[in-house]
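Geometric and topological summary
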Amino acid sequence: MTEGTHSPLSKRARETPPSGIRRFFELAEEMDDIVSLGVGEPDFSAPWAARSAAIDSLERGRTSYTANRGRKDLRERIAEHVTRYDLSYEPDEEILVTAGASEAVDLAMRALVDPGDTVAVPQPSYISYGPTVTFAGGEALPVQTRAENDFVLTYEDLERAGAADAETLVLCYPNNPTGAVMTREELTEVAEFAREHDLVVLSDEIYAALRYEDEHVSIATLPGMRERTVVFNGFSKAYAMTGMRLGYALGPAEIIDAMNRIHQYTMLSAPTTAQFAAIEALESCDDAVEEMRQEFDRRRKFVISRFNELGMDCFEAKGAFYVFPKCPPGWEDDEAFAEALIREKRVALVPGRVFGEGGNGHLRVSYASGMSELKEALNRIESFVESN
């Protein structure tokens, strides 16, 4: 644009910052011998049975659109699958298959949020929630969780932030970026707050299958919550199907119907090939998921132990595949630490501040990389800490 020319971009587009994670990926792309612990993507391939089903669907020429809501047989299998979390949804009216869980979150925001509405977003949290609130015309209200409480969301956190005046609450447990989980008792407090103040809850449970010490609990199973909760899940994380872009939403028929109407005009239907892969994944890949979970758990224990040895205080994350250690003594600026580390030792981490103010002074570390990469990265971090 020439000087003085009016920008054609919308105010929302102009004011939406680029992803804070991308800056460190771009730095890494310019360097050789990089070990990246910044990507939230399993190093495994999707289970062979799921890949084989995708290939078979292509060989059979099954490349047409599906129903807007997703294939009926997939929705039926999703309904059966989520019963393991004590969730019960009707496939024809209460389930929507989407192009990744991220699309499901965006659809829910646009279906539920009017201009000027307030959406309470606990922090640290996944970086997309705030922008999707903005794109829907709403205002994101940060709700700070605390390191001393292992980043669990509490009734007091919500009250302190003024969430009683919000219309909607986002929940993400197991959590990205911290790896925190919430017990049934802890979720009961949040559910009480939501009922008292008539909040709709958007519960991102994409990491539900990746808990390491107890079973996942969905807030939608608590009294009075099913009718005011939309649950998101998908196939990217537990099934290592990130590139297939397939997720789903579970919720009250009225909300799912509204989300589907928006979906019809924007995406039309989720990727067909991925849907065939997902059907097979749900039918026969539980053992593969459990093998990956056990390997993630092994890596989790190693990474937490190493960071604590280095004096980088790291609480015991019990879900997803992230840990959230503090910067070492003498480093208060997490962004400065991450930039110095990548330049001096070629290790890429993500500064905690990217995920909201509550992440200041912390680093998101993904242990979705292989054990050899994790060992090399931690050795380099140890060398950096000792020399600085």
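Residues numbered from 1 in each chain as written. Predicted model: local features only at pLDDT ≥ 70, side-chain atom pairs only at ≥ 80, totals over all residues. Heavy atoms only, no water.

Thoughts on the sheet that holds strand β11 (residues 350–351)
Rules: Strand pairing follows a simple DSSP-based rule, namely that at least 2 bridges must link the two strands. Starting at the N terminus, helices and strands are each numbered in turn, a helix being any DSSP run of H or I of at least four residues and a strand any DSSP run of E of at least two.
If you trace the 3 strands from one edge of the open sheet to the other, you get β9-β12-β11, paired in antiparallel fashion. The strands lining the two open edges of the sheet, one partner per strand, are β9 (322–323) and β11. Pairing between β9 and strand β12 (residues 363–366): 2 bridges, direction antiparallel. Looking at the pairing, Y322 lines up with S366 of β12.

Some words on the layout of surface pockets
We apply this condition: Both cavities and pockets are sets of points on a 1 Å grid over the protein atoms alone; in a cavity a 1.4 Å probe fits but cannot get out, in a pocket the set is open with protein on both sides within 12 Å along at least five of seven lines, and lining residues sit with an atom within 4 Å of a point. Grid points are joined across faces, edges and corners, and a volume is the space filled by probe spheres set on the points. Residue classes follow a fixed rule: Ala, Val, Leu, Ile, Met, Phe, Trp, Tyr, Cys and Pro count as nonpolar, while Asp, Glu, Lys and Arg count as charged, and any other residue, Gly among them, counts as polar.
Taken as a whole, the second largest pocket spans an internal volume of roughly 450 Å³. Lining the second largest pocket are 23 residues, and of these P17, I127, G130, P131 and V354 sit closest to its centre. Within the residue set of the lining of the second largest pocket, elements represented by two or more residues are α1 (11–15), β3 (118–123), α6 (129–135) and β4 (139–144). Of all the elements, α6 adds the most residues to the lining of the second largest pocket, at 4 residues. Its residues assigned to classes, the lining of the second largest pocket comprises 12 nonpolar, 9 polar and 2 charged.

Examining a negative patch on the surface
Rule in force here: Here, patches come from residues exposed beyond 30% relative accessible area and free of salt bridges, joined within 9 Å for like charges and within 5 Å for nonpolar side chains (Val, Leu, Ile, Met, Phe, Trp, Tyr). Throughout, the Shrake-Rupley method with a 1.4 Å probe supplies accessible areas, and for residues the shown protein chains are the sole cover considered. What counts as a salt bridge is simple: a side-chain nitrogen of Lys or Arg found within 4 Å of a carboxyl oxygen of Asp or Glu. Charge assignment in this entry is limited to Lys and Arg as positive and Asp and Glu as negative, and neither His nor the chain termini are counted. A single reference atom marks each charge: NZ on Lys, CZ on Arg, CG on Asp, CD on Glu. A simple rule labels every residue: compare its accessible area, found with a 1.4 Å probe on the protein chains alone, to the largest value its type can have, and call it buried under 20%, exposed over 50%, or partly exposed in between.
A contiguous patch of negative charge, built from E156, E159, E189, E192 and E196, is present on the exposed surface. At 3 residues, the largest contribution of residues to the negative patch is made by helix α8 (residues 184–196). Tracing the backbone through its elements, the reader meets E196 in helix α8. Residue classification places E196 among the partly exposed residues on the basis of a relative accessible area of 46%.

Some remarks on the packing of aromatic side chains
Going by this rule: Paired rings are identified among Phe, Tyr and Trp, the last through its six-membered ring, by centres lying within 6.5 Å, and are further divided according to the angle between planes into stacked (under 30 degrees), edge-to-face (over 60) and tilted (the rest).
Per the counting criterion, the structure on display carries 14 aromatic pairs. Where F44 meets F296, the ring centres are 5.4 Å apart and the plane angle is 80°; that geometry is what we call edge-to-face. Within this pair, whereas F44 is found in the loop between β1 (35–36) and α3 (48–59), its partner F296 is found in helix α11 (residues 286–309), the two being separated by 252 residues in sequence. Geometrically, the ring pair formed by F151 and F324 is edge-to-face, given 5.5 Å between the ring centres and 85° between the ring planes. One end of the pair, F151, is in the loop between β4 and α7 (155–161); the other, F324, is in the loop between β9 and α12 (334–345), with 173 residues separating them in the sequence.

Considering the pattern of salt bridges
One side chain can pair with another of opposite charge once the charged atoms of both are near each other. For the structure on display, the rule yields 33 salt bridges. Among the ionic pairs, K72 bridges to E76, the shortest N-O distance being 3.8 Å. Pair noted here: K72 and E76 are both in helix α4 (residues 72–81), with a separation of 4 residues, about one helical turn. Residue R75 is joined to D92 by a salt bridge in which the shortest nitrogen-to-oxygen separation is 3.3 Å. Remark: D92 occurs in the loop between α4 and β2 (95–98) and R75 occurs in helix α4; sequence separation between them is 17 residues. The buried category is assigned to R75, whose relative accessible area is 6%. Put simply, E213, D297, R300, K301, E316 and K318 are held in one network by salt bridges that share partners.

What to know about unusual backbone geometry
Glycine aside, a negative phi is what most residues show, and trans is what most peptide bonds show. At the junction of Q123 and P124, the peptide bond is cis and its omega measures out at 0° in the coordinates. Secondary-structure assignment places P124 in the loop between β3 and α6. With omega at -5°, the peptide bond leading from Y173 into P174 counts as cis. Its place among the elements puts P174 in the loop between β5 (168–172) and α8. Although it is not a glycine, R245 sits at a positive phi angle of roughly 55°. Considering the arrangement of structural elements, one finds R245 in the loop between β7 (229–234) and β8 (247–250).

All we've got here are geometric facts, nothing functional implied.
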